[in-house]
Protein chains: 2
Amino acid sequence: MEIKSRIWIEKEGKPFLGFGKIQLLKMVDQTRSISAAAKSLNMSYKKAWNLLNDMEELSEQPLLVKHIGGKSGGSTVLTAYGKTIIKEFEHLNTKCETFLNNEFKTSAHGVSES
Amino acid sequence: MEIKSRIWIEKEGKPFLGFGKIQLLKMVDQTRSISAAAKSLNMSYKKAWNLLNDMEELSEQPLLVKHIGGKSGGSTVLTAYGKTIIKEFEHLNTKCETFLNNEFKTSAHGVSES
């Protein structure tokens, strides 16, 4: 048997950060483009834009910087804060998984017996 | 900001126990009836029966005992093991929540700053 978990962060009772949004931020970081990030996640541009916009609206600090124009037609990159929240979310998630696996293994009876 | 979580247990790669199934087991325990439990959770009898059946199939030990007949037309009660897994699941869930809240509070930067 295996214990599984999902974590997410709410702000003012609204979803701020979860697994899906973190994936999206990571893909924007990788591709430097909202539309390329959306495509790689099989998501519409509009959906990706809305998710990023929801995050920005709830965020204390900007998550993205848009560079307009240039040879490549502009790019979107993550701010230092944007990169920090990815790291912290993933760190929290790993800690949570480790904690649960240990708790589950050391539990003497019932569900985790086998 | 608040950190939220959901835990569930898989067995042989299949969902064995999660929040919804635990609610259902608790309602069966309370009402001594699959149909009353289903009704109180706005669930069809068939859906409740299937969920309980899936659990029983993956469980090491029986979760329910059916008492047929009698004045009240029979009842369904939880085995000691069924009651144990509810307790253990909820205990794990509470431990996970406490752990995450502490981690989130003591994290110095980024997402948990405010």
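Our subject is the structure that appears above.
Residues numbered from 1 in each chain as written. Chains lettered and ligands numbered in written order. Predicted model: local features only at pLDDT ≥ 70, side-chain atom pairs only at ≥ 80, totals over all residues. Heavy atoms only, no water.

Student: How should I be thinking about the sheet that holds strand β2 (residues 14–17) of chain B in this particular structure?
Tutor: Sheets are built from strands that pair by backbone hydrogen bonding, the pairs being arranged parallel or antiparallel. Strand order in the open sheet made by the four strands is β2(A)-β1(A)-β1(B)-β2(B), with antiparallel pairing throughout. Strands with a single pairing partner mark the edges of an open sheet, and in this sheet they are β2 (14–17) of chain A together with β2 of chain B. Ignoring strand direction, the axes of neighbouring strands in this sheet form an average angle of 55°. Judged from the three bridges that link them, strand β1 (residues 2–11) of chain B and β2(B) form a sheet pairing that is antiparallel. Bridge pairing in β2(B) links B:Ile9 to B:Leu17. The strands that helix α4 (residues 80–106) of chain A touches are β1 (2–11) and β2 of chain A together with β1 of chain B; relative to β1(A), the one it contacts most, it runs at about 145°. (Pairing = 2+ DSSP bridges. Helix = DSSP H or I, 4+ residues; strand = E, 2+ residues; numbered from the N terminus. Axes fitted to C-alpha atoms, helices over the stretch in contact; angles between N-to-C directions. Contact = heavy atoms within 4.5 Å.)

Student: In this structure, what is going on with the side chain of A:Ser59? I would like to understand it.
Tutor: All names here are of chain A. Residue position: Ser59 is located in the loop between α3 (45–58) and β3 (64–67). Given a relative accessible area of 12%, Ser59 falls into the buried group. Residues within four places of Ser59 in sequence aside, it is in contact with Lys11, Phe16 and Tyr81. (Buried < 20%, exposed > 50% of the residue type's maximum accessible area, 1.4 Å probe, protein only.)

Student: Teacher, can you tell me more about the relation of the copies chain A and chain B here?
Tutor: Here the second copy of the chain follows from the first by a rotation about an axis and a shift along it. Expressed as a screw transformation, the operator carrying chain A onto chain B has a rotation angle of 180° and an axial translation of 0.0 Å, and the superposed copies differ by an RMSD of 0.0 Å. Considering both components of the superposition, the chain copies are consistent with a two-fold axis. Minimal C-alpha distance to the rotation axis in chain A is attained by A:Arg6, lying at 2.7 Å. Most of the interface of chain A is mirrored in chain B, where 100% of its interface residues again form contacts. (Least-squares fit on C-alpha atoms with pLDDT ≥ 70 in both.)

Student: How do you make sense of unusual backbone geometry when you look at a structure like this?
Tutor: Where the residue is not glycine, phi is negative for most of them; where a peptide bond is considered, it is trans in most cases. At A:Glu12, a position not held by glycine, the phi torsion is positive, near 50°. Residue placement: A:Glu12 occurs in the loop between β1 and β2. Even without glycine at this site, B:Arg32 takes up a positive phi of about 55°. Among the secondary structure elements, B:Arg32 is positioned in the loop between α1 (19–31) and α2 (34–40). Under the relative-accessibility criterion, B:Arg32 is labelled partly exposed at 46%.

Student: Is there a simple way to explain the pairing of β1(B) in this structure?
Tutor: Two faces belong to every sheet, and in a regular strand the side chains alternate between them. In this sheet, β1(B) lies alongside β1(A) in antiparallel orientation, the contact comprising nine bridges. Looking at the pairing, A:Ile3 lines up with B:Ile9 of β1(B).

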